[in-house]
Amino acid sequence: MPEDTAILVVGGYGAVGRHIVARLHASLPRARIIVAGRALDKAQALADTFASRVSARQIDLTSRASIDAVFPLASLVVLNTEAGTQMAARACIDHGISMVTVAASVPVLRALEALSAQARAAQVTLVTEVGLGPGLTNLMLHEVVRQLPGATVAEVIVQLGLIGEHGAEAMDWTLARSLEARSAVRIDPALPAIGRHVIAVDFVDPDKMKRELHVDTVFSALALSPKWSTRLLPVLAPVLARFPTLLSVSQPVLTGVFAALRLTGDSVRLIARARSGQHSALRRMNGRNQSQVTGVVAAKVVERLLTLDGGGKTGVVGIADIVNLAQLRPSLEELGCRFSTDDRPR
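### Here we look at the pattern of salt bridges
Within the structure shown, the criterion is met by 14 salt bridges. The partner of Glu143 in a salt bridge is Arg146, and the shortest N-O contact between them spans 2.8 Å. Taken together, the residues Glu143 and Arg146, both in helix α7 (residues 132-147) and 3 residues apart, mark about one turn of the helix. A relative accessible area of 55% means that Arg146 is categorised as exposed. In this structure, Glu155 engages Arg273 in a salt bridge whose closest nitrogen and oxygen atoms are separated by 2.6 Å.

Written out as structure tokens, the structure is:
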């Protein structure tokens, strides 16, 4: 990695962003890190918690002039927000700067894919599918399909706790997807710890994953913990969308209730399942604090991209082109994440 490497983390003071900044500061001791966002005071407050190599900048992703003033300060951009992703990607291409994005919506990911030829021509790498879902979901699907040769169906469920360190944008995204789903759907057979009801959400691009995995069907969904709340969220979604402050106001109350009942509310669980007829294979990850997990995944992608192992790839690439699950596991296990698998397909 060059001595003058500067990494711009847009949204770096948010729930996920601050974990990205902390991880990069610890793992890349020669890199300079720029925390950026609309609120300069928040960016500066985070930068001030580090003794060196972290600075702050104000940026508005709705303004190309603002982007053009800040992006050239960096050799790599980490976009920790979905807003303004396409404009940011075009600016990176124009300035010859690579980018890692945590954008999760399938339409946004497909719009970025359309820029791949332009990115290759500019020798720029735009890394997508970075985070929990998409991200870990993609890698676990690849692993579980390899467990079951001839699989025709691939499924992945993301289960999140009702409380915890959920960023505002992540909560808005989840609420929007629940509104689109309107109701929970029944899965059969049921998944361990998940139950029979989930909310259909595209945590991966199903068409892209079908091509990559060579399966007929890809299904992804959201579940909540406790299990009863999965069926409740789509019912409450219209009210929560109308009164968004209810989400933030309810968090302290829920935290107190969960603590009194000795329940874990900030859990995160991923279950990937491959099926072929009556046979199936499972891979699981259990952990806590989805914001921290997402931040570590994003930081690891940056680390890999800045090494020879991750170099040489240009255009729009997915997380699986940069890092695999075996390379991520040690960092995630340090957080307390635990992986298990069913090596005997049923």
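### Let's talk about the side chain of Lys300
Here Lys300 shows up in helix α12 (residues 290-305). Given the relative accessible area of 17%, Lys300 is considered buried.

### Details of helix α4 (residues 85-95)
Along α4, the positions that sit buried rather than exposed are Thr85, Ala88, Ala89, Ala91, Cys92 and Ile93. Next to the buried residues of α4 lie α3 (64-70), β4 (76-79), β5 (98-101), α5 (106-113), α6 (116-121) and β6 (125-128).

### Quick notes on the confidence of the model for the protein chain
Per-residue pLDDT for the protein chain averages 86, and the proportion of residues at 70 or more is 82%. Across residues 253-264, where pLDDT falls below 50, the model places 9 contacts with residues more than four positions away in sequence or in other chains.

### As for the sheet that holds strand β10 (residues 217-225)
Strand order in this open sheet of 7 strands is β8-β9-β10-β7-β11-β12-β14, and the pairing throughout is mixed. One side of each edge strand has no neighbouring strand; the edge strands of this open sheet are β8 (185-191) and β14 (338-341). Put simply, the sheet's adjacent strands are angled 30 degrees from each other on average, direction ignored. As judged from the 8 bridges shared by strand β7 (residues 153-161) and strand β11 (residues 267-276), these two strands associate in the antiparallel manner.

### Observations concerning the sheet that holds strand β13 (residues 315-318)
An order of β3-β2-β1-β4-β5-β6-β13 is seen for the 7 strands of this open sheet, with the pairing classed as parallel. The open sheet terminates on both sides in strands that have one partner only, identified here as β3 (54-58) and β13. Geometrically, the sheet is characterised by an average inter-axis angle of 20 degrees between neighbouring strands, direction not taken into account. Bridge analysis of β6 against β13 gives 4 bridges, and the strand direction is parallel. When the sheet's bridge partners are listed, Val127 is paired in β13 with Val317. Packed onto the sheet, helix α2 (residues 40-47) meets β2 (32-37) and β3 and runs at close to 180 degrees relative to β3.

### Some details on the nonpolar core
Of all hydrophobic cores here, the largest spans 69 residues; its most connected members are Leu24, Leu136, Met285 and Leu332. Among the elements that make up this core, the one with the highest residue count is α12 (8 residues). Every residue in contact with Leu332, bar those within four places of it in the chain, is listed here: Leu136, Met285, Val293, Val296, Val297, Cys337 and Phe339. Counting 25 residues, the second-largest nonpolar core is a separate cluster that includes Val10, Ile59, Val70 and Ala89.

### Brief notes about the packing of α4 against α5
Orientation of α4 relative to α5, taken along the N-to-C sense of each, is 20 degrees, at an axis distance of 10 Å. As summarised for this structure, α4 and α5 are arranged roughly parallel, according to the angle between their axes. Considering only the axes of α4 and α5, their crossing is right-handed. Residues Thr85, Gln86 and Ala89 of α4 form the contact with α5, whose own contacting residues are Val108, Ala111 and Leu112.

### Some points on the pairing of β3
Here β2 runs beside β3; their pairing, made up of 5 bridges, is parallel. In the sheet register, Ala36 faces β3, and the bridge partner there is Arg57. In terms of handedness, the path from β2 via α2 over to β3 forms a crossover that is right-handed.

Here is what the cut-offs are and how they apply
Residues numbered from 1 in each chain as written. Predicted model: local features only at pLDDT ≥ 70, side-chain atom pairs only at ≥ 80, totals over all residues. Heavy atoms only, no water. Salt bridge = Lys/Arg side-chain N within 4 Å of Asp/Glu carboxyl O. Helix = DSSP H or I, 4+ residues; strand = E, 2+ residues; numbered from the N terminus. Buried < 20%, exposed > 50% of the residue type's maximum accessible area, 1.4 Å probe, protein only. Contact = heavy atoms within 4.5 Å. pLDDT = per-residue confidence, 0-100. Pairing = 2+ DSSP bridges. Axes fitted to C-alpha atoms, helices over the stretch in contact; angles between N-to-C directions. Core = buried A, V, L, I, M, F, W, Y, C linked by side-chain atoms within 4.5 Å. Parallel < 35°, antiparallel > 145°, perpendicular 65-115°, else oblique. Left-handed = near helix turned anticlockwise from the far one by under 90°. Right-handed = clockwise from strand over helix to strand, strands pointing away.

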